[in-house]
Amino acid sequence: MSETMPRLFTALAEWGACMLFLLQYPRKLNGLRFWLAAAGALVVQVLWLEGTGSLPVAFWMPAMAVAVGLMFLFLVVCGRSDLLGAGYCTVRAFLLAEFTASLEWQLYAFFVRETKIDGFIPATVFLVVIYSCVFLLTYHLEQRVSQGGDLPRMTRRELLSAASMGLAAFLISNMSFVTANTPFTSSVEQEIANIRTLVDLAGVVILYAYHIQLFELHTRRELDAIKNILQNQYVQYRQSRESIDVINRKYHDLKHQIAVLRAEEDPARRSAFLDQMEEEIQHYEAQNKTGNSVLDTVLTGKSLYCAKHQIKLTCVADGARLSFMDVMDICTLFGNALDNAIECELSIPDKEKRLIH
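Computed from a predicted structure; not experimentally measured. (Residues numbered from 1 in each chain as written. Predicted model: local features only at pLDDT ≥ 70, side-chain atom pairs only at ≥ 80, totals over all residues. Heavy atoms only, no water.)

Asks: Explain the overall build of the chain here, please?
Replies: When its secondary structure is counted, the chain shows eleven helices and two strands. Written out in order from the N terminus, the α and β elements of the chain read α-α-α-α-α-α-α-α-α-α-β-α-β. Within the chain, buried positions represent 37% of all 357 residues. (Helix = DSSP H or I, 4+ residues; strand = E, 2+ residues; numbered from the N terminus. Buried < 20%, exposed > 50% of the residue type's maximum accessible area, 1.4 Å probe, protein only.)

Here it is as structure tokens:
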């Protein structure tokens, strides 16, 4: 038998690896539409690799690059991941396909040399058994990591790292097919097959370990985000309780002030008292209407806290100029600044001197 792997086997491995990731994670296409798209992708992949099989070695790398592009297109059309996620799955699927096809053909070549049995039926049996074992094992390992969840959102740096590892493994494993005149290549067919299979296996294992680290990293990020949300909710709860206490005191003060107004018979004094109350209300409204709703919310909460602890807080701000800032940045910047100022003012024994401007 020929020691050159049929391009059909490579096409089937690439299609099967893509299917593994599409069946693993949520998809955009389902049911009959998905299977029709999958069948079309298989036909295109087979036609391309079979059609480029007779090209010179110089065109081999461009032809493989187009094959990888077809895998990426298949994952983009059928999968629900964004372009970075589809690119990440393409890298892993391509290297897995390279290993699967190389392992199957090397085992079959060894079987033929030892038994002298060759033909369509044993070749098909080997392909089905080896491909099924590799893909089922990989699917099981993927399930252990993802636990049925979606693929985490990839960053460009994470995709670049995975692509670098995949490209390095692919180039090293196939270097002997391009040239044998290097310290790291061989002209012996058995050694070439060994190098390709083992290097591809190492690349698959490295990418799987990297995949586990990515999932753990994204899980920790989600847990940290949840902790921050819970912490912020607790802080907001405390601020709300303090604000309610302040409002309740203002409510009782207002009841007493209304009672005094009812008892006041001098119209001039009553009018002056109402003017004073209106001026205080307008001053408070002006303090917390800056033109930026986020800054207004921060100032309102801090103003109520300052009122409770007898700190005079005044503010002159054009909040509209903060429209370029993110909501979290505004909350963090002004919230921390006011918290530090409040902490400083609380250390002043004379409450008449507690002032934040």
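The rest of the description comes next.
Asks: Even after reading the chapter, I still don't get the packing of helix α4 (residues 83–115) against helix α6 (residues 156–173), so can you show me in this structure?
Replies: The description of two packed helices rests on the angle between their axes and on the distance between the axes. It is the contact of α4 with α6, at a shortest axis distance of 9 Å, that shows an interaxial angle of 15 degrees. Considered as vectors, α4 and α6 are oriented roughly parallel to each other. Where α4 crosses over α6, the two elements pack in a sense that is left-handed. In contact with Leu84, Gly87, Tyr88, Val91, Phe94, Leu95 and Glu98 of α4, α6 contributes Arg156, Leu159, Ala162, Ala163, Gly166, Ala169 and Phe170. (Axes fitted to C-alpha atoms, helices over the stretch in contact; angles between N-to-C directions. Parallel < 35°, antiparallel > 145°, perpendicular 65-115°, else oblique. Left-handed = near helix turned anticlockwise from the far one by under 90°. Contact = heavy atoms within 4.5 Å.)

Asks: Sorry if this is basic, but what is going on with the packing of aromatic side chains here?
Replies: The description of an aromatic ring pair uses the distance of the two centres, along with the angle that the planes make with each other. Throughout the structure, instances matching the rule amount to nine aromatic pairs. Summarising the aromatic geometry, the rings of Trp60 and Phe170 are spaced 5.7 Å apart at their centres and angled 25 degrees between planes, so their arrangement reads as stacked. Taken together, the positions of Trp60 in helix α3 (residues 60–78) and Phe170 in helix α6 put the pair 110 residues apart, joining distant regions of the chain. Summarising the aromatic geometry, the rings of Phe111 and Phe126 are spaced 5.0 Å apart at their centres and angled 45 degrees between planes, so their arrangement reads as tilted. (Phe/Tyr/Trp six-rings, centres within 6.5 Å; stacked < 30°, edge-to-face > 60°.)

Asks: Would you mind going over empty space enclosed by the protein with me for this structure?
Replies: Gaps left between atoms show up when a probe the size of a water molecule is rolled over them. In the structure shown here, the tally under the stated rule is one cavity of 30 Å³ or more. Taken as a whole, the largest cavity spans an internal volume of roughly 90 Å³. Elements with a contribution of two residues or more to the lining of the largest cavity: α1 (7–24) and α4. Among the elements that make up the lining of the largest cavity, the one with the highest residue count is α4 (three residues). Residues belonging to the lining of the largest cavity are distributed by class as follows: seven nonpolar, three polar and two charged. (1 Å grid on protein atoms, 1.4 Å probe; cavity = no way out; pocket = protein on both sides within 12 Å on 5 of 7 lines; lining within 4 Å. Points joined across faces, edges and corners; volume = space filled by probe spheres on them. Nonpolar A, V, L, I, M, F, W, Y, C, P; charged D, E, K, R; others polar.)

Asks: Teacher, can you tell me more about a nonpolar patch on the surface here?
Replies: Nonpolar side chains collect at one region of the surface, where Phe120, Ile121, Val125 and Val129 lie side by side and expose about 440 Å² of accessible area between them. By the secondary structure assignment, Ile121 is in helix α5 (residues 120–146). (Patch = residues over 30% accessible without salt bridge, like charges linked within 9 Å, V, L, I, M, F, W, Y side chains within 5 Å. Areas by Shrake-Rupley, 256 points an atom, 1.4 Å probe, with all protein chains shown as cover. Salt bridge = Lys/Arg side-chain N within 4 Å of Asp/Glu carboxyl O.)

Asks: It is not clear to me how unusual backbone geometry should be interpreted in this structure. Could you clarify?
Replies: One can expect most non-glycine residues to show negative phi and most peptide bonds to be in trans. Positive phi is not limited to glycine here, since Lys116 has a value of about 60 degrees. Relative to the elements of secondary structure, Lys116 occurs in the loop between α4 and α5. With a phi close to 55 degrees, Gln310 is a non-glycine residue in the positive phi region. Note that Gln310 resides in the loop between α10 (293–308) and β1 (312–313). Gln310 sits in the partly exposed class, given a relative accessible area of 44%.

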